[in-house]
Amino acid sequence: AGGLGQLGVGLAEMLRKQYGTDNVILSDIKKPPPHVYRSGMAMFSILVLMLCLVLAHLYMYLSPIGLHNVLDLALENCLRLFVPSTIGAFGPSSPRDPVPDLCVQRPRTIYGVSKVHGELMGEYLHHKYGLDFRCLRYPGVISVNTTPGGGTTDYAVQIFHDAISTGHHECYLRADTRLPMMHISDCHRATLEFMQAPECQLSLRTYNIAAMSFTPEEVAQEIRKHLPHLKITYSPDSVRQTIADSWPVRFDDSNARRDWGWKPAFGLEELVSDMLHTIRNKRTMEGLHVHSL
Ligand SMILES: NC(=O)c1ccc[n+]([C@@H]2O[C@H](COP(=O)([O-])OP(=O)(O)OC[C@H]3O[C@@H](n4cnc5c(N)ncnc54)[C@H](O)[C@@H]3O)[C@@H](O)[C@H]2O)c1
């Protein structure tokens, strides 16, 4: 559910390759674009989820009632339930560098509060009734197809588009704001590997997963290795800067690495060259201007 967003479409593609097109059902409140519809079934009715063995629940915000319905459904039907969480589930009183899996979580955004609620409800139902609840805390996820929508880590996608189109990026965070980030293919693979891990290997139900942490200045420096003329100016936005300053600088994901073998494939260098090449190819195909690499 929530399958037509940034993460859901690619995740479904990956699952369909492994489990067959007809065995992966996407649901969302919005209509699928034709290419997604043609690549497999996309259903609108929540009832369909009753037939699934695994339920992945990907909406950004969910009301408590919505969350409780999904949890009940998974429990009654003995489904394995995946719910994504985020770096935003931590707050100013959490340790920041690095943040462990278990620590104080007092986020000050409604996004973070709703994510902590999801983590705790899932874990409660696991301990009380044996629900196979699994939750990953994702860092900022970087992909070409993200439409920046005012999120705190969105600059890290926009900067690549700007580098290629105009050569100038105005950043809404300070140059030294370090946040955990991850390439979307690592995020998809982590989700799949975690969902496939045998239950006996899991010592936790909610895990941090990490790949890299960088600042706007560091990603700009790495982009300049390909596009030396990139100009970046800083005009910090107080709302997003305050949120970023309350979030972890680095994730400690040693439990995920130990329990189910998590290992990212993309570091900053690989992320930058992949993003620049993919955006460049996309723009060239669309007949748009590109700064040469
Ligand atoms: N993208 C990131 O950087 C990031 C980072 C950390 C955590 N996450 C988490 O990962 C999950 C997926 O993120 P995303 O970036 O793909 O989000 P997104 O906003 O791109 O997609 C969410 C999808 O859910 C759908 N949706 C919303 N309400 C729904 C409902 N009631 N029923 C069915 N569908 C509904 C929307 O139409 C949308 O297609 C979210 O839970 C998000 O909090 C994302």
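Procedures and definitions
- Residues numbered from 1 in each chain as written.
- Predicted model: local features only at pLDDT ≥ 70, side-chain atom pairs only at ≥ 80, totals over all residues.
- Heavy atoms only, no water.
- Salt bridge = Lys/Arg side-chain N within 4 Å of Asp/Glu carboxyl O.
- Helix = DSSP H or I, 4+ residues; strand = E, 2+ residues; numbered from the N terminus.
- Buried < 20%, exposed > 50% of the residue type's maximum accessible area, 1.4 Å probe, protein only.
- Axes fitted to C-alpha atoms, helices over the stretch in contact; angles between N-to-C directions.
- Parallel < 35°, antiparallel > 145°, perpendicular 65-115°, else oblique.
- Left-handed = near helix turned anticlockwise from the far one by under 90°.
- Contact = heavy atoms within 4.5 Å.
- Nonpolar A, V, L, I, M, F, W, Y, C, P; charged D, E, K, R; others polar.
- Phe/Tyr/Trp six-rings, centres within 6.5 Å; stacked < 30°, edge-to-face > 60°.
- pLDDT = per-residue confidence, 0-100.
- Core = buried A, V, L, I, M, F, W, Y, C linked by side-chain atoms within 4.5 Å.
- Pairing = 2+ DSSP bridges.

**Describing the pattern of salt bridges**
Stage number 1. Within the structure shown, the criterion is met by 17 salt bridges.
Stage number 2. In this structure, the salt-bridge partner of Arg250 is Asp97, at a minimum N-O distance of 2.8 Å. Remark: Asp97 occurs in the loop between β4 (80-86) and α4 (110-129) and Arg250 occurs in the loop between α8 (238-246) and α9 (254-260); sequence separation between them is 153 residues.
Stage number 3. With a relative accessible area of 36%, Arg250 lands in the partly exposed category.
Stage number 4. Its salt-bridge partner being Arg137, residue Glu119 comes within 2.8 Å of it at the nearest N-O pair. Linking Glu119 in helix α4 with Arg137 in strand β5 (residues 132-138), this pair joins segments that are 18 residues apart in sequence. Just as Glu119 is buried, Arg137 falls in that class too.

**Observations concerning the packing of helix α5 (residues 155-165) against helix α10 (residues 268-285)**
Packed helices, taken two at a time, are described by their axes: the angle between them and the distance between them.
Stage number 1. Running from N to C, α5 and α10 point in directions that differ by 55°, and their axes come no closer than 10 Å. With respect to each other, α5 and α10 are oriented oblique. For α5 against α10, the interelement crossing comes out right-handed. Facing α5, whose interface residues are Phe160, His161, Ile164 and Ser165, α10 presents Leu271, Val272, Met275, Leu276, Ile279, Arg280 and Arg283.
Stage number 2. Residue composition of the contact of α5 with α10, by class: 7 nonpolar, 2 polar and 2 charged.

**Some words on unusual backbone geometry**
Stage number 1. At the junction of Asp97 and Pro98, the peptide bond is cis and its omega measures out at 0° in the coordinates.
Stage number 2. Notably, Cys78 is not glycine yet its phi reads approximately 50°, a positive angle.
Stage number 3. Secondary-structure assignment places Cys78 in the loop between α3 (64-76) and β4.

**Some details on the packing of aromatic side chains**
Stage number 1. All told, the structure shown has 8 aromatic pairs when counted by the stated rule.
Stage number 2. Centroid distance Phe82 to Tyr138: 6.3 Å. Interplanar angle 45°. Geometry classified as tilted. Of this pair, Phe82 sits in strand β4 while Tyr138 sits in strand β5; the two residues are 56 residues apart in sequence, bridging distant segments of the chain.
Stage number 3. Using a relative accessible area of 1% as the deciding quantity, one classes Phe82 as buried.

**Regarding the confidence of the model for the protein**
Stage number 1. In the predicted model, the protein carries a mean pLDDT of 89, and the fraction of residues at 70 or more is 89%.
Stage number 2. Within the model, the stretch residues 41-53 combines pLDDT values under 50 with 30 contacts to residues more than four positions away or in other chains.

**Thoughts on the nonpolar core**
Stage number 1. By size, the foremost hydrophobic cluster in this structure holds 36 residues, and its most contacted members are Ile142, Tyr155, Phe160, Met181, Phe214, Val219 and Ile223.
Stage number 2. Of all the elements, α5 adds the most residues to this core, at 7 residues.
Stage number 3. Discounting chain neighbours no more than four positions away, the residues touching Phe214 are Ile142, Tyr155, Ala156, Thr177, Arg178, Leu179, Met181, Val219, Leu268 and Leu271.
Stage number 4. Judged by nonpolar contacts, the second largest core, of 19 residues, contains Phe82, Ile184, Met195 and Leu204.

**Some details on α5**
Stage number 1. Summarising burial for α5: 9 of the 11 residues are buried, a large majority.
Stage number 2. All buried positions along α5 are accounted for by Tyr155, Ala156, Val157, Ile159, Phe160, Asp162, Ala163, Ile164 and Ser165.
Stage number 3. Of the residues one or two after α5, Gly167 is the one with positive phi, at around 80°.

**Some thoughts on the sheet that holds strand β10 (residues 212-214)**
Stage number 1. Reading across the sheet, the 3 strands line up as β6-β8-β10 and stay open at both edges, with mixed pairing between neighbours. Each end of this open sheet is capped by a strand with a single partner; those strands are β6 (140-142) and β10. Shown here is a sheet whose adjacent strand axes are inclined to one another by a mean of 45°, direction ignored.
Stage number 2. Pairing analysis gives 3 bridges linking strand β8 (residues 179-183) to β10, with the strands arranged antiparallel. Following the sheet pairing, Leu179 is matched in β10 by Phe214.
Stage number 3. Where α5 meets the sheet, its contacts fall on β6, β8 and β10, and the angle it forms with β6 comes to roughly 25°.
Stage number 4. Of the strands in this sheet, β6 and β8 touch helix α6 (residues 184-196), which is tilted by about 80° from β8.

**So, the environment of Tyr138**
Stage number 1. Given the relative accessible area of 6%, Tyr138 is considered buried.
Stage number 2. When the C-alpha positions of Tyr138 and Phe251 are compared, they lie 9.5 Å apart, and in sequence the two are 113 residues distant.
Stage number 3. Beyond its immediate chain neighbours, meaning those up to four positions away, Tyr138 contacts Leu7, Phe82, Pro84, Ser85, Thr86, Ile87, Cys187, Thr191, Ile209 and Phe251.

**Focus: the environment of Glu218**
Stage number 1. Here Glu218 shows up in helix α7 (residues 216-224).
Stage number 2. Among residues more than four places away in sequence, those in contact with Glu218 are Arg178, Ser213 and Leu268.

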